[in-house]
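So the chains spell out like this:
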Amino acid sequence: MRSRNPVFSRRGFSRDNGYAGFNTAPQAGGPAVATQANPYAQPTGNPYAQNPYAQNPYAQQGQQYGAPPQAPAVPGRMTMDDVVMRTASTLGLLVVTAALSWALLPVDEANLGRSYGIAIGAALIGMVLALVQSFKRKASPALILTYAAFEGVFLGVISNAIDTHVANGAAMQAVIGTMAVFAGVLVAYKAGWIRVNRRFYGFVMAAALGFVLLMAVNLLFAVFGGGDGLGFRSGALGVVFGVIGIILGACFLALDFKQVEDGIAYGAPREEAWLAAFGLTLTLVWIYLEFLRLISILNSSD
């Protein structure tokens, strides 16, 4: 299991603790060998390549002329439609619970403490559920959807509070910013402007680890020393680290896209689409929160 998210570690499509096909190309015919770094390769070869490809007399011919290998549509195998539908379901539930918590948990002076308490409780439950899913060997749709529901409660209350008390329209601005980052990274990835390889993976993971540790230290200083701790989440430094957080989220989106692409190319089982949806949801929540924090800092400094 490889961690690819700046908040929680999660299982990737690799089954051999390797990278998810970085610097490799899936083979359309014959058993997989170790040098191919096929994340679905087993000791006896790739079980997903045996039936559809072995019966395809043109598979090797296509490879010979450099045609891009493409897994045929096979029942039980993950497709892009599966990933889109699972991600839409997860994000849709998150948005619904966020809207309900926004409407039902007021953030006025009389109810702010109670609403914050519910939001923090929902965030902690969501974190536990995400960690449980990260360490499970198989995707659990119920667990993933429950995580999305509790995460939505947290986001709804926090977004409402910032939108009401700090910057009117901050939530919508954060949503637009998150969508823009998603679209931009997707276009850059499909155009080949972002090359996801081992070096990229190592750099992103090292930067994310340093970022999370630094924020954790800042939080500890804030809890025991009061204020904003070391000042990494307010003022000019807060803006800088907010931008860094958004850039890291964009990098993790690229890793997510690579993960999905490799899973489809190697013929991953359909249930793996839930893991793709889970990972994309985690990353989008990260980017949204960083945008929300950045907007809050910019408006507080006015």
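Before reading further, recall that the structure is shown in the block above.
Residues numbered from 1 in each chain as written. Predicted model: local features only at pLDDT ≥ 70, side-chain atom pairs only at ≥ 80, totals over all residues. Heavy atoms only, no water.

**Student:** Honestly, the packing of aromatic side chains in this entry has me stumped. Any pointers?
**Tutor:** A full pass over the atoms with the stated rule returns five aromatic pairs. Seen from their ring centres, tyrosine 189 and phenylalanine 257 are 6.0 Å apart, and the 55° between their planes marks the pair as tilted. Within this pair, whereas tyrosine 189 is found in helix 6 (residues 170-190), its partner phenylalanine 257 is found in helix 8 (residues 235-265), the two being separated by 68 residues in sequence. What makes phenylalanine 257 buried here is its relative accessible area of 10%. Members of the aromatic cluster, connected to one another through ring pairs, are Phe182, Tyr189 and Phe257. (Phe/Tyr/Trp six-rings, centres within 6.5 Å; stacked < 30°, edge-to-face > 60°. Helix = DSSP H or I, 4+ residues; strand = E, 2+ residues; numbered from the N terminus. Buried < 20%, exposed > 50% of the residue type's maximum accessible area, 1.4 Å probe, protein only.)

**Student:** Any chance you could explain helix 4 (residues 112-135) here in plain terms?
**Tutor:** Residue pairs spaced three or four apart in an α-helix point in one direction, given the helix's 3.6 residues per turn. In a regular helix each residue adds 1.5 Å, so 24 residues correspond to 34 Å; helix 4 covers 35 Å between its end C-alpha atoms and thus fits that length. Every buried residue of helix 4 is accounted for by Leu112, Ser115, Ala119, Ala122, Ala123, Gly126, Leu129, Ala130, Gln133 and Ser134. Contacts made by the buried residues of helix 4 are with helix 5 (141-165) and helix 9 (272-300). (Expected span 1.5 Å × (residues − 1). Contact = heavy atoms within 4.5 Å.)

**Student:** Please explain the pattern of salt bridges as it appears in this structure.
**Tutor:** Pairs can form between side chains of opposite charge once their charged atoms are near each other. Enumeration over the complete set of coordinates arrives at two salt bridges. Of the charged contacts in the structure, one is a salt bridge between arginine 270 and aspartate 82, with a shortest N-O distance of 3.2 Å. Of this pair, arginine 270 sits in the loop between helix 8 and helix 9 while aspartate 82 sits in helix 3 (residues 80-104), and the two are 188 residues apart along the sequence. Given a relative accessible area of 35%, arginine 270 falls into the partly exposed group. The closest approach of N and O atoms between lysine 258 and aspartate 262, which form a salt bridge, is 3.4 Å. You can see lysine 258 and its partner aspartate 262 sitting in helix 8, four residues apart, about one turn around the helix. An identical accessibility class is assigned to lysine 258 and aspartate 262; each is buried. (Salt bridge = Lys/Arg side-chain N within 4 Å of Asp/Glu carboxyl O.)

**Student:** Is there a simple way to explain helix 8 in this structure?
**Tutor:** With 31 residues, helix 8 extends 45 Å from end C-alpha to end C-alpha; this agrees with the ideal 45 Å at 1.5 Å per step. Immediately downstream of helix 8, the backbone of glycine 267 shows phi near 75°, a positive value.

**Student:** Where do I start with a nonpolar patch on the surface in this structure?
**Tutor:** On the surface, a cluster of nonpolar side chains totalling about 400 Å² of accessible area is made up of Met172, Val175, Ile176 and Met179. With respect to the helices and strands, the residue valine 175 is situated in helix 6. Judged by relative accessible area, valine 175 falls into the partly exposed class, the value being 33%. (Patch = residues over 30% accessible without salt bridge, like charges linked within 9 Å, V, L, I, M, F, W, Y side chains within 5 Å. Areas by Shrake-Rupley, 256 points an atom, 1.4 Å probe, with all protein chains shown as cover.)

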